[in-house]
Amino acid sequence: MPGINKLIKGMMTLNNEIRVNILKVTACIFILSALAVIILAFTPYFDYTAITGALLGWVGASLNFTFLAFVVSKAVEKDEKNARSYVQATYTARLLFMAVVIVIGIKLPYFNGYVTILPFIFVRPVITLINLIFKKKDTDK
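Student: I'm lost on the packing of helix α2 (residues 16-41) against helix α3 (residues 48-75) in this one. Help?
Tutor: Each pair of packed helices can be described by the angle between their axes along with the distance between the axes. One way to put it is that α2 packs onto α3 with a least axis distance of 10 Å and a crossing angle of 160°. Between α2 and α3, the angle falls in the class roughly antiparallel. α3 is crossed by α2, and the crossing has right-handed handedness. The residues of α3 that touch α2, namely those facing Ile18, Asn21, Ile22, Val25, Thr26, Ile29, Phe30, Ser33, Val37 and Leu40, are Ala50, Ile51, Ala54, Leu55, Trp58, Ala61, Ser62, Phe65, Thr66, Ala69 and Ser73. Among the residues forming the contact of α2 with α3, the class breakdown is 15 nonpolar, six polar and no charged.

The structure is reproduced here in structure tokens:
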């Protein structure tokens, strides 16, 4: 597993601002996933699979976003041509990872497939919301 060790060491080299943003996005996705489970608890469709599906989706979406942040931070260090090909090459791997997580959530009876997909949908709105909130705070200073 030398490839995984190299990846983990590389992620440890991310600067603190990127780490903080990863934590913000991950925490917000967790909160929204928990809210989805709470809302589902008031319906007849709620069972343990909603909780396990939300956790699987949250872990998958968080890892996917973390890997994206790592890739973009490394691409910035490269020239434009190499950066573009590097990001495009890893895009397929991230897409495949998302597909595997979602298929696991749908096919296995231990997960609610719909709730597994939700955290992946939450990522984009969370990033937009975080940017709006912190951009507003920065302009208030």
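After that view of the structure, there is still more to cover.
Student: I would appreciate a short explanation of a nonpolar patch on the surface in the present structure.
Tutor: A cluster of nonpolar side chains, contributed by Phe30, Ile31, Leu32, Leu35, Ile38, Phe42, Phe46, Ile51 and Leu55, occupies part of the molecular surface with about 830 Å² of accessible area. At the level of elements, α2 and α3 are the ones that each hand at least two residues to the nonpolar patch. Per-element tally for the nonpolar patch: the top contributor is α2, with five residues. Residue position: phenylalanine 30 is located in helix α2. Exposure remark for phenylalanine 30: the relative accessible area of 39% places this residue in the partly exposed category.

Student: Would you mind going over the side chain of arginine 94 with me for this structure?
Tutor: Position of arginine 94 among the secondary structure elements: in helix α4 (residues 80-107). Among buried Asp, Glu, Lys and Arg side chains, arginine 94 stands out as unpaired, with glutamate 77 the closest opposite charge at 17 Å. The residues touching arginine 94, leaving out its near neighbours within four places in the chain, are Asn64, Phe67 and Leu68.

Student: For this particular structure, what's the right way to read the nonpolar core?
Tutor: Counting residues in each nonpolar core, the largest one holds 14 residues, and the members touching the most others are Ile22, Val25, Ile29, Ala61, Phe65, Val123 and Val126. Elements with a contribution of two residues or more to this core: α2, α3 and α5 (113-140). Among the elements that line this core, the one with the most residues is α5, at five residues. Setting aside chain neighbours within four positions, we find valine 126 in contact with Val25, Cys28, Ile29 and Leu32. Val37, Leu40, Ala50 and Val115 belong to the second largest nonpolar core, which has five residues in total.

Student: Where do I start with the packing of aromatic side chains in this structure?
Tutor: What characterises a pair of aromatic rings is the spacing of the ring centres plus the angle enclosed by the ring planes. Considering all chains together, one arrives at one aromatic pair under this definition. Ring plane angle 65° and centroid distance 5.0 Å describe the contact between phenylalanine 30 and tryptophan 58, whose orientation is recorded as edge-to-face. In this pair, phenylalanine 30 sits in helix α2 while tryptophan 58 sits in helix α3, placing the two residues 28 residues apart along the sequence. Seen from the ring of tyrosine 86, lysine 78 lies directly overhead, with NZ or CZ sitting 4.9 Å from the centre.

Student: Looking at this structure, how should I read the side chain of threonine 66?
Tutor: Mapped onto the elements, threonine 66 comes out in helix α3. There is a polar contact of 2.8 Å between the side chain of threonine 66 and the backbone oxygen of serine 62.

Criteria and cut-off values
Residues numbered from 1 in each chain as written. Predicted model: local features only at pLDDT ≥ 70, side-chain atom pairs only at ≥ 80, totals over all residues. Heavy atoms only, no water. Axes fitted to C-alpha atoms, helices over the stretch in contact; angles between N-to-C directions. Helix = DSSP H or I, 4+ residues; strand = E, 2+ residues; numbered from the N terminus. Parallel < 35°, antiparallel > 145°, perpendicular 65-115°, else oblique. Left-handed = near helix turned anticlockwise from the far one by under 90°. Contact = heavy atoms within 4.5 Å. Nonpolar A, V, L, I, M, F, W, Y, C, P; charged D, E, K, R; others polar. Patch = residues over 30% accessible without salt bridge, like charges linked within 9 Å, V, L, I, M, F, W, Y side chains within 5 Å. Areas by Shrake-Rupley, 256 points an atom, 1.4 Å probe, with all protein chains shown as cover. Salt bridge = Lys/Arg side-chain N within 4 Å of Asp/Glu carboxyl O. Buried < 20%, exposed > 50% of the residue type's maximum accessible area, 1.4 Å probe, protein only. Lys, Arg positive; Asp, Glu negative; His and termini not counted. Core = buried A, V, L, I, M, F, W, Y, C linked by side-chain atoms within 4.5 Å. Phe/Tyr/Trp six-rings, centres within 6.5 Å; stacked < 30°, edge-to-face > 60°. Lys NZ or Arg CZ within 6 Å of the ring centre and 35° of its normal. Polar contact = N/O pair within 3.5 Å; in protein donor to acceptor, adjacent residues only side chain to side chain.

Everything listed here is a matter of coordinates, which is why it stays silent on function.
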